[in-house]
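# Geometric and topological summary
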Amino acid sequence: MDTVRLDKSEQDLERAAELLRSGELVAFPTETVYGLGAYAMDPQAVDKIFEAKGRPSDNPLIVHIAYREQLKDLAAEIPPAGCVLMDMFWPGPLTLIFPRTEFVPDRVTAGLSTVAVRMPNHPVALALLEKSGLPVAAPSANRSGRPSPTAASHVLEDLEGRIAAVVDGGTTGVGVESTVLDITVHPPMILRPGGVTKEMLEEVLGEVQLDPSLERNHAEVRAPRSPGMKYTHYAPKAEMWIVEGSVDKQVQMIQSLVDKSRAEGIRTGVLTTTEHQGVYNSDVVLFCGERKALETVSAGLYGALREFDQQGVERIYSESFPEEGIGAAIMNRLRKAAGYRVVR
Ligand code: TXA
Ligand code: MG
């Protein structure tokens, strides 16, 4: 199959909407990462997502909508916290878990009694959803296990020839996937940290729980409630290590680990921020945003992980970041990318 490259012109968006209506896969930009969309109510179209991505079938999908009225066909009921959260954060990087209706195909929910829904805050995503008039199931548009795509070129790297089209809307803003919040429990529980932070949710809801599998040291031992969180995700091909400690200690530790690694003949990379320009001596040094503005780090993270692969890096040492605000999502993705290899 030839993958058609489309842009955000009226004409191209109309074509993308028509492909969705006819049961084909279309990748499109959102404010978090690129999504791989299919008409959510068409089980055969949804099957194609799992096939194209090589995604395990027990991992449910997020349904994307442009209007709140579309919830009627998807959610059997709106739990109390739902309305205020939608008022505050939709459109935006917050996925809400609702009790599902009987109309949502089992392929979308992986047989669960709930459905994940979000309204993305991106003009191209919203225009496509509006034009098609459909609820669109869309996981991140990467091959399963690879870092999520933050540019159309990343989508093509992974899925060229396997999907009908990609709509190029430039690079995405937030850079990590949406926050997944279960509002069927009280207090609501964060299943995946993302762009809408725990602090922002607490301000609105008072109390918020964190899925115990997200606690720093428990990720390996506890089964997460969000099925997707159990897979090795977001991973570059290189073996990656996260270095913790004060920033000065991190820098010293990373340089000494790099020296040892290179002495063994291993092509070694460092993931750092622009504050540390010229500080490291390694085969590849990549700068992912500014430490003092963590949203720039999340925006650049997945692109940097892909770049290490492009440059043939075999081992990566990464700095770590404070787990406040968007920092919680950054560290969650870094730990997963590193398969929980941490140096303290
Ligand atoms: O930012 C995002 O959310 C992106 C863009 C494209 O919208 N999408 C995305 O989808 O990250 P995906 O499939 O890569 O991740 C969906 C996550 C998985 O961890 C999945 O297990 C969880 O949402 N999920 C989906 N339905 C669920 C449900 N009913 N209950 C609990 N977790 C659910
Ligand atoms: Mg994903």
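Residues numbered from 1 in each chain as written. Chains lettered and ligands numbered in written order. Predicted model: local features only at pLDDT ≥ 70, side-chain atom pairs only at ≥ 80, totals over all residues. Heavy atoms only, no water.

Taking an unreviewed UniProt entry as the reference, the protein is identified by name as Threonylcarbamoyl-AMP synthase belonging to Effusibacillus consociatus. Listed under Sequence similarities (unreviewed entry) in UniProt, the entry text for the protein is "Belongs to the SUA5 family." (UniProt positions renumbered as here; feature names shortened; annotations may be inferred.)

### Some points on the environment of Glu290
Looking at where Glu290 falls in the secondary structure, it is placed in the loop between strand E14 (284-287) and helix H9 (294-310). Given the relative accessible area of 27%, Glu290 is considered partly exposed. The spacing of Glu290 and Gly300 is 10 residues in sequence and 9.7 Å in space, taken between C-alpha atoms. Residues within four places of Glu290 in sequence aside, it is in contact with Thr273, Thr274, Glu275, Thr296 and Val297. (Helix = DSSP H or I, 4+ residues; strand = E, 2+ residues; numbered from the N terminus. Buried < 20%, exposed > 50% of the residue type's maximum accessible area, 1.4 Å probe, protein only. Contact = heavy atoms within 4.5 Å.)

### Quick look at the packing of helix H6 (residues 152-159) against H9
A pair of packed helices can be characterised by two numbers: the angle between their axes and the separation between those axes. Two elements in contact, H6 and H9, have axes whose closest approach is 12 Å; the angle formed by their N-to-C orientations is 50°. For the element pair H6 / H9, the angle class is oblique. Here H6 runs over H9; the crossing is left-handed. Here H6 contributes His154, Glu157 and Asp158 to the contact with H9, which in turn contributes Gly303, Arg306 and Gln310. Class assignment of the residues belonging to the contact of H6 with H9 gives a composition of no nonpolar, three polar and three charged. (Axes fitted to C-alpha atoms, helices over the stretch in contact; angles between N-to-C directions. Parallel < 35°, antiparallel > 145°, perpendicular 65-115°, else oblique. Left-handed = near helix turned anticlockwise from the far one by under 90°. Nonpolar A, V, L, I, M, F, W, Y, C, P; charged D, E, K, R; others polar.)

### As for helix H1 (residues 10-21)
If you check H1, its first and last C-alpha atoms are 16 Å apart, about what 12 residues at 1.5 Å a residue would give, namely 16 Å. Looking at H1, one finds that the buried residues are Asp12, Leu13, Ala16, Ala17 and Leu20. Taken end-on, H1 shows its buried residues confined to a sector of 140°, consistent with a single buried face. Exposed residues on H1 whose side chains face more than 90 degrees from its buried face are Glu10 and Gln11. Where H1 is buried, its residues contact strand E1 (4-6), strand E2 (26-28), strand E3 (35-39), helix H5 (123-132), strand E7 (136-137) and strand E8 (165-167). Just past H1, the residue Gly23 takes up positive phi, approximately 85°. (Expected span 1.5 Å × (residues − 1). Arc of directions from axis to C-beta.)

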